[in-house]
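# A structural walkthrough
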Amino acid sequence: MTIYETPEPDPEDRHALDEIHELREELSSNLRVPRRWTGALRRTTQARAIRGSNTIEGYDVSEQDAIAAVDDEEPLGADERTWAEITGYRRALTYVLTAAPEPHFRIDSQLVRSLHFMLLEHDLSKGPGRYRPGSVYVHDESDGSQVYEGPDADAVPGLMKAMAGRLESERDVDPMIRGAMAHLNLVMIHPFRDGNGRMARVLQTAALGQDTVLEPTFSSIEEWLGQNTTDYYRVLAATGQGAWNPQNDAHPWVKFVLRAHHMQAQTLRRRFAEADVLWRQIDDLVAEHRLPDRVGDALFDALQGGRVQRPSYVRRAEVEDRTGTRDLVRLTELGLLEAVGKTRARHYLAGPVLRGVAAEVRSGRQPLADPYPWLQGWLRGEVDRAS
């Protein structure tokens, strides 16, 4: 069966790919050298991916709750429905991040259905793990207008098989382009009643995870997509033109995805560099106030936007409860942490001193370089022409 064809990279794409690969090699080299901040950045990067992908679908959570999902802790502000969606996505994404680098990992239609079950097993009415039984229409929530109609339900199993076969036969295609096409084909096939966008993004991360240059947690572009939702919908609309049209040119979509990889890799490179500086600042604060070294991890977590809870601090620092409580009280007195809430709900965020440190380090940030500076203007023009 016919699905969207993988376009051949043009000179602009090849230049962008060369730069992305250089960035990925640099990031990988940083990760190969043990650093104190690696684990914390891995957690916050996964949390931002979870938050970004779910934000696109209207499930908004704070950065603290996204990190709590990664740590399997209770949320602070998310309602029950949103939290079920977030934790379902965490299960599916965590499986992909863990399994994809294995040499025998294969992407097939059964894997996709299993991941979909992980995503939506909390709501059986959405048919987790089952293809949709009928037609599917996507509407613009702002005005109720129909913006996309998927292929007939009878065609879905064959199209999914064709997509999986293409993924396997194109293992020699650059992983970023291969992942982009997996994403596009799944979201356009729209095989499920619900969760198609998130499944497409998980599938893209799975394809990226099969490339062992950079671990999949740091290969995902879900954070960037969540911050650029309008352009994400624009390029899908320009590619699909309202219906299942696999004969259409997928090249603009691939350019959009390569731009996302380039920008996300630059963002990570900047975070890695800032993490080294922030840890030096933490060391200075620990020495200045004669604090135990064990508090460093908690301070770095707070600097990354995470929350510090006494039970998790006690567990990770391997201290007794009263020692952990004493540490957190002392950090609060010094303005390094700030207590929020009472009794069992109490947690700690970055205090005024830490916020000042973070602001000073991040004040020197330079703008990211855009490998496709014309693309956003083109997408806006496509929307104007369509309307």
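Values in this document were obtained by computation on a predicted structure and should not be read as measured data. (Residues numbered from 1 in each chain as written. Predicted model: local features only at pLDDT ≥ 70, side-chain atom pairs only at ≥ 80, totals over all residues. Heavy atoms only, no water.)

### Focus on the packing of aromatic side chains
In the structure shown here, the tally under the stated rule is ten aromatic pairs. Judged by centre distance (5.8 Å) and plane angle (35 degrees), the rings of tyrosine 131 and phenylalanine 192 are tilted. In this pair, tyrosine 131 is assigned in the loop between helix H5 (109-120) and strand E1 (137-139) and phenylalanine 192 in the loop between helix H7 (175-189) and helix H8 (196-209), connecting sequence segments 61 residues apart. Take tyrosine 131 and phenylalanine 192: they sit in the same class, and that class is buried. What links up through ring pairs into an aromatic cluster is the set Trp224, Tyr232, Tyr233, Trp253 and Phe256. (Phe/Tyr/Trp six-rings, centres within 6.5 Å; stacked < 30°, edge-to-face > 60°. Helix = DSSP H or I, 4+ residues; strand = E, 2+ residues; numbered from the N terminus. Buried < 20%, exposed > 50% of the residue type's maximum accessible area, 1.4 Å probe, protein only.)

### Considerations on the packing of helix H4 (residues 80-99) against H5
At a minimum axis distance of 6 Å, the contact between H4 and H5 shows a crossing angle of 145 degrees. Residues Glu85, Gly88, Tyr89, Arg91, Ala92, Tyr95 and Val96 of H4 pack against Leu111, Leu115, Met118, Leu119 and Leu120 of H5. Within the contact of H4 with H5, the residues separate by chemical class into nine nonpolar, one polar and two charged. (Axes fitted to C-alpha atoms, helices over the stretch in contact; angles between N-to-C directions. Contact = heavy atoms within 4.5 Å. Nonpolar A, V, L, I, M, F, W, Y, C, P; charged D, E, K, R; others polar.)

### With respect to the environment of methionine 188
Mapped onto the elements of the fold, methionine 188 is located in helix H7. When the C-alpha positions of methionine 188 and glycine 242 are compared, they lie 9.9 Å apart, and in sequence the two are 54 residues distant. Ignoring anything within four residues of it in the chain, the contact list for methionine 188 reads Tyr4, Tyr148, Gly150, Pro151, Leu236, Thr239, Gly240 and Trp244.

### Digging into H5
Helical geometry note: an α-helix holds 3.6 residues per turn, so side chains three or four residues apart project in the same direction. Compared with an ideal rise of 1.5 Å per residue, which puts twelve residues at 16 Å, H5 spans 17 Å between its outermost C-alpha atoms and is within 8% of the ideal. Three or more residues of H5 are buried, namely Leu111, Val112, Leu115, His116, Leu119 and Leu120. Around the axis of H5, the buried residues are gathered within 155 degrees of arc, so they sit on the same side. Where H5 begins, the side chain of aspartate 108 points an oxygen toward the backbone nitrogen of glutamine 110, at a separation of 3.2 Å. (Expected span 1.5 Å × (residues − 1). Arc of directions from axis to C-beta. Polar contact = N/O pair within 3.5 Å; in protein donor to acceptor, adjacent residues only side chain to side chain.)

### Description of the side chain of histidine 262
Relative to the assigned elements, histidine 262 resides in helix H11 (residues 251-288). A polar side-chain atom of histidine 262 sits 2.9 Å from a polar atom in the side chain of glutamine 266. Other than its neighbours up to four places away in sequence, histidine 262 contacts Ala16, Glu19, Ile20, Leu23, Ala369 and Pro371.

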